[in-house]
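# Structural features, examined
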Amino acid sequence: RQVRPNDHVYGAIISACDKGEQWRFAMHFLGAAETDGLKANIVIYSSAASACEKGRQWQRALHIATLARARDLKLDTIMYNTSISACDKGAKWELAIALAADMLVQGRITYNA
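In this text, all values refer to a predicted model and were calculated from it rather than measured experimentally.

Cut-offs applied
- Residues numbered from 1 in each chain as written.
- Predicted model: local features only at pLDDT ≥ 70, side-chain atom pairs only at ≥ 80, totals over all residues.
- Heavy atoms only, no water.
- Axes fitted to C-alpha atoms, helices over the stretch in contact; angles between N-to-C directions.
- Helix = DSSP H or I, 4+ residues; strand = E, 2+ residues; numbered from the N terminus.
- Parallel < 35°, antiparallel > 145°, perpendicular 65-115°, else oblique.
- Left-handed = near helix turned anticlockwise from the far one by under 90°.
- Contact = heavy atoms within 4.5 Å.
- Nonpolar A, V, L, I, M, F, W, Y, C, P; charged D, E, K, R; others polar.
- Expected span 1.5 Å × (residues − 1).
- Buried < 20%, exposed > 50% of the residue type's maximum accessible area, 1.4 Å probe, protein only.
- Core = buried A, V, L, I, M, F, W, Y, C linked by side-chain atoms within 4.5 Å.
- Salt bridge = Lys/Arg side-chain N within 4 Å of Asp/Glu carboxyl O.

Glancing now at the packing of helix 1 (residues 7-19) against helix 2 (residues 23-35). Across the interface, helix 1 lies against helix 2 with an axial gap of 8 Å and an inter-helix angle of 165°. Our classification of the angle between helix 1 and helix 2 gives roughly antiparallel. Handedness of the helix 1/helix 2 crossing: left-handed. Contacts from Tyr10, Ile13, Ile14 and Cys17 in helix 1 reach Phe25, Ala26, Phe29, Leu30, Ala32 and Ala33 in helix 2. When grouped by side-chain class, the residues that make up the contact of helix 1 with helix 2 number 10 nonpolar, no polar and no charged.

Taking 1.5 Å of rise per residue, the 13 residues of helix 4 (residues 58-70) would be expected to cover 18 Å, and the 18 Å separating its terminal C-alpha atoms lies within 8% of that figure. For helix 4, the complete set of buried residues consists of Trp58, Ala61, Leu62, Ile64, Ala65, Leu67 and Ala68. Among the structural elements, helix 2, helix 3 (42-54), helix 5 (77-89) and helix 6 (93-105) are those in contact with the buried residues of helix 4. Backbone geometry just downstream of helix 4 places Asp72 in the positive-phi region, at approximately 60°.

Here we take up the nonpolar core. Among the nonpolar cores identified, the biggest contains 30 residues, and Leu30, Tyr45, Ile64, Ala68, Leu75 and Met79 are the most heavily contacted of them. Elements represented by at least two residues in this core include exactly helix 1, helix 2, helix 3, helix 4, helix 5 and helix 6. In this structure, Leu30 is in contact with Ile14, Ile44, Tyr45, Ala48 and Ile64, ignoring residues within four places of it in sequence.

Once that is clear, we can look at the packing of helix 2 against helix 3. Direction vectors running N to C along helix 2 and helix 3 enclose 155°, while the axes themselves pass 8 Å from each other. Our classification of the angle between helix 2 and helix 3 gives roughly antiparallel. Both helix 2 and helix 3 take part in a crossing whose hand is left-handed. Two secondary-structure elements touch here, helix 2 through Trp23, Ala26, Met27, Leu30 and Glu34 and helix 3 through Ile44, Tyr45, Ala48, Ala51 and Cys52. Considering only residue class, the contact of helix 2 with helix 3 consists of 9 nonpolar, no polar and 1 charged.

For the structure shown, the criterion picks out 4 salt bridges. Here Asp18 and Lys54 are joined by a salt bridge, their closest N and O atoms 2.9 Å apart. Note that Asp18 is positioned in helix 1 and Lys54 in helix 3, a separation of 36 residues in sequence. Taking the relative accessible area as the measure of exposure, Asp18 reaches 10% and is therefore buried. On the basis of relative accessibility, which here comes to 33%, the residue Lys54 falls in the partly exposed class. Of the charged contacts in the structure, one is a salt bridge between Arg69 and Asp102, with a shortest N-O distance of 2.4 Å. Remark: Asp102 occurs in helix 6 and Arg69 occurs in helix 4; sequence separation between them is 33 residues. By relative accessible area, which is 42% here, Arg69 ends up partly exposed.

Shown next, in the form of structure tokens:
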């Protein structure tokens, strides 16, 4: 009998990928979690986006934020900060400003993005 990983296992794996700055693995395991039919939470998506941000993969980080929204997850301050930081690293200041404005509309405040 095969044991299938749950959201806690995927969350731990993706968090480790984030800490190790392994964006490719984070993307792989996020995809695997979705393929396994798990309803990932915003923490899992934020960890995957953070790994991409650290790897200077701003487009992938923003794609993950878009995926989270498409799955009816409410973006939290961590996801916004990660997305804004990814835009900064990609020299996409216009997108960073748009995200910051959206963040304010959503009632979120940041001091360090």
